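Observations on chain architecture
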Amino acid sequence: MDNTVLENDNRDLIEMDRAHIWHHLSQHKKYESADPVLMVEGKGLRVWDSSGREYIDAVAGGVWTVNVGYGRESIADAVREQLAKINFFSHAMGSEPGSRFAEKLLEKMPGMSRVYFSPSGSEANEKVYKMVRQISHAKHGGKKNKILYRARDYHGTTITALSSGGQDERGAQYGPMTPGFVEVPHCLAYRGEGGDKPDFGVRAAEAIEEVIKREGADTIGALVLEPITAGGGAIVPPEGYWEKVQEICRRYDILLHIDEVVCGFGRAGSWFAYQLYGIEPDFVTMAKGVASGYAAIACTVTHERVFEKFKDNPGDPLNYFRDISTFGGCTAGPAAALENMRIIEDEGLIENAAKVGDYLLEKLQQLQKNHEVIGDVRGRGLLAGIELVSDRATREPVEETRVQAVVAGCLQRGVIIGATNRSLAGLNNTLLLAPPLVCSKKDVDAIVDAIDGSLREEFA
Ligand SMILES: Cc1ncc(COP(=O)(O)O)c(C=O)c1O
């Protein structure tokens, strides 16, 4: 593909957008003087805007979604074929692609046995919260209804998903929040007390135990965690952390919910990031990479011990999961997901994410040597963060406007990157990368070159 995809810059589309569209996560004042950007085409990890300008997409659709890359005709064909056959029926009934996809998915998740479909990551997480609450009422006389979540993690955008989010700026002005959600400390060594000590991981997990003791284990039903914190700053769990977390959950009979909405489907170099750490979760939620954005699909997955609780007393009219999401019945989702999965397997994209991810980390570590402003580099697979500080000794975060200037500088150089964005007051200072899993070493070189140039410009 060349740069002349379109004959003009589609002025009409831009004006329609300016007049009518309310963009996600955007302050619109700027569009009174600058044009909104419309992405109109994609191939591999490259996208083109309505003026024909080409970009390398280092954030898989802006929000870490397009794992298999753009322009996958075989997914479009699979979806078309399915829609022509039957597009929808409420998932109170089953479907052909639903059954097939669930079976393939569970083959990748030993120990898990049930899949519940919905259309977004936020909803997939809310399903778990509802299940935990229902178990509390039905099995614990209303006790064990609290849900613990971790500082810096994100679990979605609805009021209750925000109530379980550890990013204060995301929740600001949307309160009052849903009661019953309690925060535990983050596990980022770079910003943790004694983060350079070998026992930091165990201590970070023990900090969760302290909260459990304070609240009372009999009040807590579940703990929700991202396996690797994504948008909260690419936080790879420290050594010893997960083993201890698992042990604590077992000891206090607390269900462990792993939010794989970002990490699921290969991003961290394995099907699911929890599998890298030997975790045995009770719930796993996933969304973005499940169908790489070719259709909206999210899954809440659990095992038979949880499932059994929702059918063990059929005489009770409330003894089942009384939840429905209309669009959980769209067949496009599992049809796209099946083909997405085939591509990941046949093209070895998980192995690629692991291999190219190691290369990315190496390149970023080299970059750190040349830029005093880079305080920390972290990541796993094709998920990486570059934390910017104005002083390496004090770790004073760089101002958010300067971080955004680096993102804008990359965009000018034709590379789209991300950053912690209105998430953590005073700590929106981490550049974020999560390119499609088709990313090559050459693509990494181009991405890192753009960041290098942009950092030089901003911090020269
Ligand atoms: C870890 C995590 N969980 C949940 C969500 C919410 O997913 P959705 O935007 O599909 O509702 C996100 C979205 O970015 C996420 O990063």
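Residues numbered from 1 in each chain as written. Predicted model: local features only at pLDDT ≥ 70, side-chain atom pairs only at ≥ 80, totals over all residues.

What follows deals with the overall build of the protein chain. Counting its secondary structure elements, the protein chain contains 14 helices and 16 strands. Relative to the 2.2 N^0.38 estimate, which gives 23 Å for 460 residues, the radius of gyration of the protein chain is 22 Å and therefore close to what a compact globule would have. Projected onto its principal axes, the C-alpha positions of the protein chain cover 65 × 60 × 40 Å. Counting the 460 residues in the protein chain, one finds 49% classified as buried. Here the analysis covers contacts within the protein chain between residues at least 6 apart in sequence; of these, 71% occur between residues at least 24 apart. (Helix = DSSP H or I, 4+ residues; strand = E, 2+ residues; numbered from the N terminus. Rg over C-alpha atoms; globule rule 2.2 N^0.38 Å. Buried ≥ 20, exposed ≤ 12 C-beta atoms within 10 Å, placed from the backbone. Contact = placed C-beta atoms within 7 Å.)

Turning our eyes to something else, we now look at the packing of helix H3 (residues 73–85) against helix H11 (residues 332–346). H11 packs onto H3 with a crossing angle of 145° between their chain directions and a minimal axis gap of 9 Å. Both H3 and H11 take part in a crossing whose hand is right-handed. Between H3 and H11, the residues in contact are Ser-74, Ile-75, Ala-78, Val-79, Gln-82 and Leu-83 and Ala-332, Ala-335, Ala-336, Leu-338, Glu-339 and Asn-340, respectively. Residues belonging to the contact of H3 with H11 are distributed by class as follows: eight nonpolar, three polar and one charged. (Axes fitted to C-alpha atoms, helices over the stretch in contact; angles between N-to-C directions. Left-handed = near helix turned anticlockwise from the far one by under 90°. Nonpolar A, V, L, I, M, F, W, Y, C, P; charged D, E, K, R; others polar.)

Before going further, it helps to examine the nonpolar core. One finds Cys-299, Ala-336 and Ile-417 to be the most contacted residues of the largest nonpolar core, which totals 125 residues. Ranked by residue count, the leading element in this core is H11, at seven residues. Residues from two domains meet in this core; each of domain 1 (11–66 + 348–459) and domain 2 (74–346) gives at least three. If we skip the residues at most four places from it in the chain, Cys-299 touches Leu-105, Val-115, Tyr-116, Phe-117, Ala-124, Met-286 and Val-290. (Core = buried A, V, L, I, M, F, W, Y, C linked by C-beta atoms within 7 Å. Domains from an automatic or database assignment.)

For the protein chain, the assigned domains are domain 1 (11–66 + 348–459) and domain 2 (74–346). The interface of domain 1 with domain 2 comprises 29 residues on the first partner and 25 residues on the second. Take the side of domain 1 that touches domain 2: its biggest share by element is five residues, from helix H12 (residues 349–370). Here the side of domain 1 that touches domain 2 is built from residues that sort into 15 nonpolar, nine polar and five charged.

A few words now on the packing of helix H4 (residues 96–107) against H11. The packing of two helices is summarised by the inter-axis angle and the distance between the axes. It is at 8 Å that the axes of H4 and H11 come closest, and there the two elements cross at 35°. Handedness of the crossing formed by H4 with H11: left-handed. Contacts from Pro-97, Gly-98, Arg-100, Phe-101 and Lys-104 of H4 reach H11 at Pro-334, Ala-335, Ala-337, Leu-338 and Met-341. Looking at the contact of H4 with H11 residue by residue, the classes come out as seven nonpolar, one polar and two charged.

If you check the shell around the ligand, you find 16 residues, and the closest are Ser-120, Gly-121, Ser-122, Gly-156 and Val-261. It is helix H5 (residues 121–139) that contributes the most residues to the shell around the ligand, three residues altogether. Of the residues in the shell around the ligand, the class split is six nonpolar, eight polar and two charged. (Near = placed C-beta within 6 Å.)

So, on to the sheet that holds strand E6 (residues 181–184). By definition, the strands of a sheet pair up through backbone hydrogen bonds, in either a parallel or an antiparallel sense. As summarised here, the arrangement of the seven strands in space is E4-E10-E9-E8-E7-E5-E6, forming an open sheet in which the pairing is mixed. Two strands close off the open sheet at either side, each with one partner strand: strand E4 (114–118) and E6. Taking each pair of neighbouring strands and ignoring which way they run, the sheet shows an average axis angle of 20°. Bridge count between strand E8 (residues 255–259) and strand E9 (residues 283–286): three bridges; the pairing is parallel. Bridged to His-257 within E9 is Phe-283. (Pairing = 2+ DSSP bridges.)

Burial analysis of strand E11 (residues 374–379) places six of its six residues in the buried class, the great majority of the element. Pairing analysis gives five bridges linking E11 to strand E12 (residues 384–391), with the strands arranged antiparallel. Bridged to Arg-378 within E12 is Gly-385. Between the end of E11 and the start of E12, which pair antiparallel, lie four residues, with Gly-381 showing a positive phi angle near 60°.

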